[in-house]
Amino acid sequence: MAKYIEQFKSWADTFPADVDALKAVVASNGADNEARRMAAGALGYLVQRMDLIPDWNPGIGVIDDLMVMRVASFLATNGHALGELPAAAEVGVSRMANDADRIAEFLGAGAYDKLKAYCARLSETAVRGRKPADIVDNLEARTALYAEIEDELKKSVPIVVDNPADAELRLKAYLQHKLG
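Just so you know, these numbers come straight off a predicted model, no measurement behind them. (Residues numbered from 1 in each chain as written. Predicted model: local features only at pLDDT ≥ 70, side-chain atom pairs only at ≥ 80, totals over all residues. Heavy atoms only, no water.)

Q: Explain the environment of Ala-76 to me, using residue names and the numbers behind them.
A: By the secondary structure assignment, Ala-76 is in helix H4 (residues 63–77). A relative accessible area of 3% means that Ala-76 is categorised as buried. Placed 43 residues apart in sequence, Ala-76 and Asn-33 show a C-alpha to C-alpha distance of 9.6 Å. Those residues in contact with Ala-76, other than ones at most four positions away along the chain, are Ala-35, Met-38 and Leu-82. (Helix = DSSP H or I, 4+ residues; strand = E, 2+ residues; numbered from the N terminus. Buried < 20%, exposed > 50% of the residue type's maximum accessible area, 1.4 Å probe, protein only. Contact = heavy atoms within 4.5 Å.)

Spelled out as C-alpha cells, the structure:
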C-alpha cells in the first residue's frame, strides 16, 4: 500500500507552474472553447470553498486540487486544439494530462470515471459568481479569479504525510464518498 501518495505529493512542487499552464490555455485564442472552459473550470475549482476534500484536511486537502487540474488537462487535450502555447505551458499541460493515468490507476475505473464526469461539469460550474465562459470571455472576471488563485497559492504549504497508507486510504475514501 501507499505506492501513490509520494507521487501525488510531488505534484505540489509544480503547482504554480501548472496553474500558469492552465492560464495559458484559457488565454489561447487558438484553443477550442471547450478546452478553454475546461482549463477555466479547473482554475475555478482551486478557489471553490467546498471542494471534494477540504483544503484544511491534513496531508490530503490539496491533493484533490492537484488531481482535478490533471484530469481537466486530460479532458482539455482529449480531442481539443489548444492553439499556440508557450513551450512551458504546452509541456505542463501535457505532463498533467499524462498524470491522469496515475489517478485512474489509484482510484480504479469506476471512481475515476466519476471524477472525470465531475471535472467535465466544471467547464459549466460557476464559482464565486463566475462561470468558466465568463473567465474565458471577460478579462475583468479572469483577473479577479487569478488574484484569488494567487492568494490561495500564498497560503499553500508543503504536503506533510506522516502515514502514507492512511493518507491514501483517506484520500480514496473521501473521493469515493463525494463522487458517489
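Q: Run through the packing of aromatic side chains, naming residues and quoting values.
A: Throughout the structure, instances matching the rule amount to 5 aromatic pairs. Taking the centre distance of 6.1 Å and the plane angle of 20° together, the rings of Tyr-4 and Phe-8 count as stacked. Here Tyr-4 falls in the buried class, since its relative accessible area comes to 9%. The class for Phe-8 is buried, based on a relative accessible area of 0%. Each ring, one from Tyr-45 and one from Tyr-118, has its centre 6.1 Å from the other, and the planes form 85°; the classification is edge-to-face. Here Tyr-45 is found in helix H3 (residues 33–45), whereas its partner Tyr-118 is found in helix H6 (residues 109–121), with 73 residues between them in sequence. Among the aromatic residues, those joined into a ring-pair cluster are Tyr-4, Phe-8, Trp-11 and Phe-106. The aromatic ring of Tyr-146 is capped on one face by Lys-23, whose charged end is 4.7 Å from the ring centroid. In this structure, Lys-172 is placed above the aromatic ring of Phe-106, and the distance from its NZ or CZ to the ring centre is 4.9 Å. (Phe/Tyr/Trp six-rings, centres within 6.5 Å; stacked < 30°, edge-to-face > 60°. Lys NZ or Arg CZ within 6 Å of the ring centre and 35° of its normal.)

Q: Please give an account of the pattern of salt bridges that cites residues and values.
A: This model, assessed by the stated rule, comprises 13 salt bridges. Across the pair Glu-124 and Arg-37 runs a salt bridge, and its minimum N-O distance is 3.6 Å. One end of the pair, Glu-124, is in the loop between H6 and helix H7 (132–137); the other, Arg-37, is in helix H3, and 87 residues separate them in sequence. What makes Glu-124 partly exposed here is its relative accessible area of 46%. Through salt bridges with shared partners, a single ionic network connects Asp-18, Arg-70, Arg-95 and Asp-99. (Salt bridge = Lys/Arg side-chain N within 4 Å of Asp/Glu carboxyl O.)

Q: Any details on helix H2 (residues 15–27)? Residues and values, ideally.
A: Counted at 1.5 Å a residue, the expected span for H2 with its 13 residues is 18 Å, and the 18 Å between its end C-alpha atoms agrees. Burial in H2 covers these residues: Phe-15, Asp-18, Val-19, Ala-21, Leu-22, Lys-23, Ala-24, Val-25 and Val-26. (Expected span 1.5 Å × (residues − 1).)

Q: Explain H6 to me, using residue names and the numbers behind them.
A: Given a rise of 1.5 Å per residue, 13 residues ought to cover 18 Å, and the 18 Å separating the end C-alpha atoms of H6 matches this to within 8%. Buried within H6 we find Ala-111, Tyr-112, Leu-115, Tyr-118 and Cys-119. Viewed end-on, H6 has its buried residues packed into an arc of 115°, placing them on one side of the element. Of the surrounding elements, those touching the buried residues of H6 are H3, H4, helix H5 (87–107) and helix H9 (164–179). (Arc of directions from axis to C-beta.)

Q: An account of the packing of H4 against H5 is needed here, citing residue identities and associated values.
A: Interhelical geometry of H4 versus H5 gives an angle of 115° and a closest axis separation of 7 Å. Classed by the angle they form, the pair H4 and H5 counts as roughly perpendicular. The crossing of H4 and H5 is left-handed. Of the residues in H5, those touching H4 at Met-67, Met-69, Arg-70, Val-71, Ser-73, Phe-74 and Thr-77 are Val-93, Arg-95, Met-96, Ala-97, Asp-99, Ala-100, Ile-103 and Phe-106. Partitioning the contact of H4 with H5 into residue classes produces 10 nonpolar, 2 polar and 3 charged. (Axes fitted to C-alpha atoms, helices over the stretch in contact; angles between N-to-C directions. Parallel < 35°, antiparallel > 145°, perpendicular 65-115°, else oblique. Left-handed = near helix turned anticlockwise from the far one by under 90°. Nonpolar A, V, L, I, M, F, W, Y, C, P; charged D, E, K, R; others polar.)

On their own, these measurements won't tell you what the molecule is for.
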